[in-house]
Amino acid sequence: MCQVSEATKLDLVIFVMDSSIGQAVFDQAQAFKQSVSVGATIITKMDGHAKGGGALSAVVATKSSVIFIRTGEHMDDFEIFNIKPFVSQLLGMGDWIMYEKFQNILKMGPIGQVLSMLLGFSSELMPKGREKESQAKIKRYMAMMDSMTNEELDSSNPKIMDDSQRCNGNVG
Ligand SMILES: Nc1nc2c(ncn2[C@@H]2O[C@H](COP(=O)(O)OP(=O)(O)OP(=O)(O)O)[C@@H](O)[C@H]2O)c(=O)[nH]1
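Residues numbered from 1 in each chain as written. Predicted model: local features only at pLDDT ≥ 70, side-chain atom pairs only at ≥ 80, totals over all residues. Heavy atoms only, no water.

**Overview of the site of the ligand**
1) Next: If you check the shell around the ligand, you find Thr-44, Lys-45, Asp-47, Arg-70, Thr-71, Gly-72 and Glu-73 and nothing else.
2) Next: Within the side chain of Arg-70, an N or O atom sits 3.2 Å from a nitrogen atom of the ligand.
3) Next: One of the backbone N or O atoms of Gly-72 is found 3.4 Å from an oxygen atom in the ligand.
4) Next: Each residue belonging to the shell around the ligand can be placed in one class, and the counts come to no nonpolar, three polar and four charged. (Near = heavy atom within 4 Å. Polar contact = N/O pair within 3.5 Å; in protein donor to acceptor, adjacent residues only side chain to side chain. Nonpolar A, V, L, I, M, F, W, Y, C, P; charged D, E, K, R; others polar.)

Laid out in C-alpha coordinates, this is it:
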(Lines give C-alpha, C1' and ligand atoms only; values in the text may rest on other atoms or scores of the structure.)
Protein backbone atom coordinates (compact mmCIF):
# COMPACT_ATOMS: atom_id res chain seq x y z
CA MET A 1 0.00 0.00 0.00
CA CYS A 2 2.84 2.38 0.87
CA GLN A 3 4.61 1.51 -2.39
CA VAL A 4 1.44 2.18 -4.42
CA SER A 5 0.99 5.44 -2.60
CA GLU A 6 4.60 6.49 -3.21
CA ALA A 7 4.59 5.44 -6.87
CA THR A 8 1.39 7.30 -7.74
CA LYS A 9 0.14 10.79 -7.21
CA LEU A 10 -3.20 10.14 -5.58
CA ASP A 11 -5.81 12.86 -5.42
CA LEU A 12 -7.75 11.11 -2.71
CA VAL A 13 -7.22 7.97 -0.62
CA ILE A 14 -10.50 6.38 0.45
CA PHE A 15 -10.74 3.97 3.35
CA VAL A 16 -13.44 1.39 2.55
CA MET A 17 -14.84 -0.30 5.63
CA ASP A 18 -17.16 -3.26 5.91
CA SER A 19 -19.94 -2.27 8.34
CA SER A 20 -20.27 -5.85 9.58
CA ILE A 21 -16.87 -5.87 11.32
CA GLY A 22 -18.12 -3.45 13.98
CA GLN A 23 -15.72 -1.74 16.37
CA ALA A 24 -12.79 -3.90 15.18
CA VAL A 25 -12.58 -1.40 12.35
CA PHE A 26 -10.75 1.07 14.61
CA ASP A 27 -7.42 -0.82 14.57
CA GLN A 28 -7.71 -1.45 10.83
CA ALA A 29 -8.47 2.19 10.10
CA GLN A 30 -5.68 3.41 12.34
CA ALA A 31 -3.13 1.11 10.64
CA PHE A 32 -4.36 2.36 7.27
CA LYS A 33 -4.02 5.98 8.37
CA GLN A 34 -0.49 5.40 9.66
CA SER A 35 0.58 4.18 6.21
CA VAL A 36 -1.25 6.58 3.90
CA SER A 37 -3.04 9.86 4.23
CA VAL A 38 -6.73 8.93 4.24
CA GLY A 39 -9.03 11.61 2.87
CA ALA A 40 -12.45 9.94 2.99
CA THR A 41 -14.33 6.82 4.11
CA ILE A 42 -16.94 4.61 2.46
CA ILE A 43 -19.08 2.24 4.53
CA THR A 44 -20.14 -0.96 2.75
CA LYS A 45 -22.83 -3.58 3.41
CA MET A 46 -25.32 -1.16 4.89
CA ASP A 47 -28.00 -3.39 3.33
CA GLY A 48 -27.16 -6.08 5.89
CA HIS A 49 -27.92 -6.32 9.61
CA ALA A 50 -25.10 -4.03 10.70
CA LYS A 51 -26.05 -0.48 11.61
CA GLY A 52 -22.57 0.81 10.81
CA GLY A 53 -21.62 1.99 14.28
CA GLY A 54 -18.01 1.11 13.47
CA ALA A 55 -18.04 4.05 11.06
CA LEU A 56 -17.69 6.38 14.03
CA SER A 57 -14.48 4.58 15.02
CA ALA A 58 -13.24 4.70 11.43
CA VAL A 59 -13.88 8.43 11.22
CA VAL A 60 -12.04 9.04 14.50
CA ALA A 61 -9.10 6.81 13.48
CA THR A 62 -8.72 8.21 9.96
CA LYS A 63 -9.81 11.79 10.76
CA SER A 64 -11.78 11.71 7.54
CA SER A 65 -15.47 12.08 6.64
CA VAL A 66 -17.80 9.40 5.30
CA ILE A 67 -18.70 10.25 1.71
CA PHE A 68 -20.73 7.26 0.48
CA ILE A 69 -22.45 4.16 1.79
CA ARG A 70 -22.86 0.96 -0.19
CA THR A 71 -26.19 -0.79 -0.05
CA GLY A 72 -25.75 -3.83 -2.28
CA GLU A 73 -23.45 -5.91 -4.41
CA HIS A 74 -24.01 -4.10 -7.69
CA MET A 75 -21.83 -1.38 -9.19
CA ASP A 76 -24.44 1.32 -8.73
CA ASP A 77 -25.45 0.44 -5.16
CA PHE A 78 -23.93 3.63 -3.81
CA GLU A 79 -25.67 6.37 -1.88
CA ILE A 80 -24.37 9.73 -0.79
CA PHE A 81 -23.81 9.54 2.96
CA ASN A 82 -26.57 11.32 4.82
CA ILE A 83 -25.96 11.89 8.51
CA LYS A 84 -29.57 12.13 9.78
CA PRO A 85 -30.93 8.76 8.64
CA PHE A 86 -27.60 7.15 9.55
CA VAL A 87 -27.67 8.36 13.16
CA SER A 88 -31.39 7.66 13.41
CA GLN A 89 -30.80 4.05 12.32
CA LEU A 90 -27.80 3.77 14.62
CA LEU A 91 -29.86 4.85 17.61
CA GLY A 92 -32.84 2.74 16.50
CA MET A 93 -35.04 5.82 16.47
CA GLY A 94 -37.38 4.77 13.68
CA ASP A 95 -40.21 3.75 15.99
CA TRP A 96 -39.81 6.76 18.25
CA ILE A 97 -40.05 9.09 15.29
CA MET A 98 -43.18 7.32 14.09
CA TYR A 99 -44.72 7.55 17.57
CA GLU A 100 -44.05 11.30 17.73
CA LYS A 101 -45.53 11.70 14.25
CA PHE A 102 -48.71 9.91 15.34
CA GLN A 103 -48.95 12.04 18.49
CA ASN A 104 -48.61 15.25 16.53
CA ILE A 105 -51.14 14.15 13.94
CA LEU A 106 -53.76 13.34 16.56
CA LYS A 107 -53.23 16.80 18.12
CA MET A 108 -53.72 18.54 14.79
CA GLY A 109 -57.47 18.02 14.39
CA PRO A 110 -59.49 16.58 11.48
CA ILE A 111 -57.22 13.76 10.59
CA GLY A 112 -58.21 13.33 6.95
CA GLN A 113 -57.09 16.85 6.06
CA VAL A 114 -53.94 16.58 8.11
CA LEU A 115 -52.85 13.28 6.63
CA SER A 116 -53.50 14.40 3.09
CA MET A 117 -50.95 17.16 3.69
CA LEU A 118 -48.30 14.84 5.01
CA LEU A 119 -45.75 12.94 3.04
CA GLY A 120 -45.03 9.38 3.98
CA PHE A 121 -48.54 8.19 4.76
CA SER A 122 -50.03 5.77 2.32
CA SER A 123 -53.63 5.82 1.15
CA GLU A 124 -54.19 2.42 2.81
CA LEU A 125 -53.71 4.07 6.18
CA MET A 126 -56.25 6.75 5.39
CA PRO A 127 -58.85 5.64 2.82
CA LYS A 128 -61.41 8.32 1.96
CA GLY A 129 -64.59 8.14 4.05
CA ARG A 130 -63.00 5.89 6.64
CA GLU A 131 -61.20 8.54 8.67
CA LYS A 132 -62.68 7.44 12.01
CA GLU A 133 -61.57 3.89 11.45
CA SER A 134 -58.11 5.10 10.45
CA GLN A 135 -57.85 7.35 13.49
CA ALA A 136 -58.72 4.33 15.66
CA LYS A 137 -56.02 2.39 13.82
CA ILE A 138 -53.41 5.04 14.65
CA LYS A 139 -54.51 5.03 18.30
CA ARG A 140 -54.15 1.25 18.29
CA TYR A 141 -50.58 1.53 16.92
CA MET A 142 -49.81 4.00 19.69
CA ALA A 143 -51.30 1.69 22.35
CA MET A 144 -49.12 -1.13 21.00
CA MET A 145 -46.07 1.10 21.17
CA ASP A 146 -47.03 2.16 24.72
CA SER A 147 -46.96 -1.50 25.72
CA MET A 148 -43.41 -1.93 24.39
CA THR A 149 -40.29 -1.50 26.47
CA ASN A 150 -37.64 1.08 25.49
CA GLU A 151 -35.41 -1.79 24.38
CA GLU A 152 -38.14 -3.08 22.07
CA LEU A 153 -38.80 0.40 20.65
CA ASP A 154 -35.09 0.88 20.06
CA SER A 155 -34.63 -2.45 18.31
CA SER A 156 -35.34 -3.31 14.71
CA ASN A 157 -35.29 -7.00 15.64
CA PRO A 158 -38.86 -8.39 15.95
CA LYS A 159 -37.52 -11.40 17.89
CA ILE A 160 -36.81 -9.19 20.86
CA MET A 161 -40.56 -9.00 21.56
CA ASP A 162 -41.59 -10.85 24.62
CA ASP A 163 -43.65 -13.98 23.82
CA SER A 164 -46.25 -13.05 26.42
CA GLN A 165 -46.91 -9.78 24.60
CA ARG A 166 -47.53 -11.69 21.39
CA CYS A 167 -49.98 -14.01 23.20
CA ASN A 168 -51.79 -11.03 24.74
CA GLY A 169 -52.24 -9.61 21.28
CA ASN A 170 -50.34 -6.48 22.21
CA VAL A 171 -48.18 -6.76 19.17
CA GLY A 172 -49.56 -6.61 15.67
N1 LIG B 1 -24.55 -7.05 0.17
C2 LIG B 1 -23.48 -6.33 -0.10
N3 LIG B 1 -22.39 -6.94 -0.59
C4 LIG B 1 -21.32 -6.19 -0.84
C5 LIG B 1 -21.28 -4.80 -0.58
N6 LIG B 1 -20.06 -4.33 -0.91
C7 LIG B 1 -19.37 -5.38 -1.35
N8 LIG B 1 -20.12 -6.52 -1.31
C9 LIG B 1 -19.75 -7.87 -1.69
O10 LIG B 1 -18.83 -8.36 -0.74
C11 LIG B 1 -17.90 -9.24 -1.36
C12 LIG B 1 -16.48 -8.80 -1.05
O13 LIG B 1 -16.24 -7.58 -1.70
P14 LIG B 1 -14.78 -7.14 -2.12
O15 LIG B 1 -14.90 -5.90 -2.92
O16 LIG B 1 -14.03 -8.31 -2.69
O17 LIG B 1 -14.20 -6.70 -0.74
P18 LIG B 1 -12.80 -7.03 -0.13
O19 LIG B 1 -12.63 -6.17 1.07
O20 LIG B 1 -11.76 -6.95 -1.19
O21 LIG B 1 -13.04 -8.52 0.33
P22 LIG B 1 -11.99 -9.49 0.96
O23 LIG B 1 -10.91 -9.66 -0.06
O24 LIG B 1 -12.80 -10.73 1.20
O25 LIG B 1 -11.52 -8.84 2.23
C26 LIG B 1 -18.23 -9.21 -2.84
O27 LIG B 1 -19.03 -10.35 -3.13
C28 LIG B 1 -19.04 -7.94 -3.01
O29 LIG B 1 -19.96 -8.02 -4.06
C30 LIG B 1 -22.46 -4.18 -0.05
O31 LIG B 1 -22.55 -2.98 0.20
N32 LIG B 1 -23.53 -5.00 0.17
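On we go from here.
**Description of the sheet that holds strand S1 (residues 14–18)**
1) Next: Spatial strand order, S1-S2-S3-S4: four strands in an open sheet with mixed pairing. Here the strands that pair on one side only, and so sit at the sheet edges, are S1 and strand S4 (78–80). Taken over all neighbouring pairs, the strand axes of this sheet differ in orientation by 30° on average, direction set aside.
2) Next: Across three bridges, strand S3 (residues 65–70) lies against S4 in antiparallel orientation. Considered in S4, the bridge of Phe-68 is made with Ile-80. (Pairing = 2+ DSSP bridges. Helix = DSSP H or I, 4+ residues; strand = E, 2+ residues; numbered from the N terminus. Axes fitted to C-alpha atoms, helices over the stretch in contact; angles between N-to-C directions.)

**Considerations on the pattern of salt bridges**
Proximity of charged atoms lets side chains of opposite charge pair with each other.
1) Next: Applying the stated criterion to the full structure yields one salt bridge.
2) Next: With a shortest N-O distance of 3.2 Å, Lys-45 and Asp-18 are connected by a salt bridge. In this pair, Lys-45 is assigned in the loop between strand S2 (40–44) and helix H3 (54–62) and Asp-18 in strand S1, connecting sequence segments 27 residues apart. (Salt bridge = Lys/Arg side-chain N within 4 Å of Asp/Glu carboxyl O.)

**Here's the deal with the confidence of the model for the chain**
1) Next: Of all residues in the chain, 65% have pLDDT values of 70 or greater, and the mean over the chain is 76.
2) Next: Summarising per-element confidence for the chain, the mean pLDDT is lowest in helix H9 (residues 163–167) (46) and highest in S1 (94).
3) Next: Here residues 163–172 is modelled with pLDDT under 50, and outside its nearest four sequence neighbours on either side it reaches 12 contacts, counting other chains as well.
4) Next: Scoring the predicted complex yields pTM 0.61 and, for the interface, ipTM 0.88. (pLDDT = per-residue confidence, 0-100. Contact = heavy atoms within 4.5 Å.)

**Quick word on the packing of aromatic side chains**
1) Next: This model, assessed by the stated rule, comprises three aromatic pairs.
2) Next: Ring geometry for Phe-68 versus Phe-78: centroids 5.9 Å apart, planes at 80°, classification edge-to-face. Separated by 10 residues along the polypeptide, Phe-68 in strand S3 and Phe-78 in strand S4 bring together distant segments of the chain.
3) Next: Residue classification places Phe-68 among the partly exposed positions, given a relative accessible area of 31%.
4) Next: For the pair Phe-81 and Phe-86, a centre-to-centre distance of 5.1 Å together with 65° between the ring planes defines the contact as edge-to-face. (Phe/Tyr/Trp six-rings, centres within 6.5 Å; stacked < 30°, edge-to-face > 60°. Buried < 20%, exposed > 50% of the residue type's maximum accessible area, 1.4 Å probe, protein only.)

**What about the environment of Asp-47?**
1) Next: Turning to its location among the elements, Asp-47 is positioned in the loop between S2 and H3.
2) Next: Ignoring any residue separated from it by four or fewer positions in sequence, one finds Asp-47 in contact with Arg-70, Thr-71 and Gly-72.

**Some thoughts on a nonpolar patch on the surface**
1) Next: A contiguous nonpolar surface patch, about 240 Å² in accessible area, is contributed by Leu-12, Ile-14 and Val-16.
2) Next: Tracing the backbone through its elements, the reader meets Ile-14 in strand S1. (Patch = residues over 30% accessible without salt bridge, like charges linked within 9 Å, V, L, I, M, F, W, Y side chains within 5 Å. Areas by Shrake-Rupley, 256 points an atom, 1.4 Å probe, with all protein chains shown as cover.)

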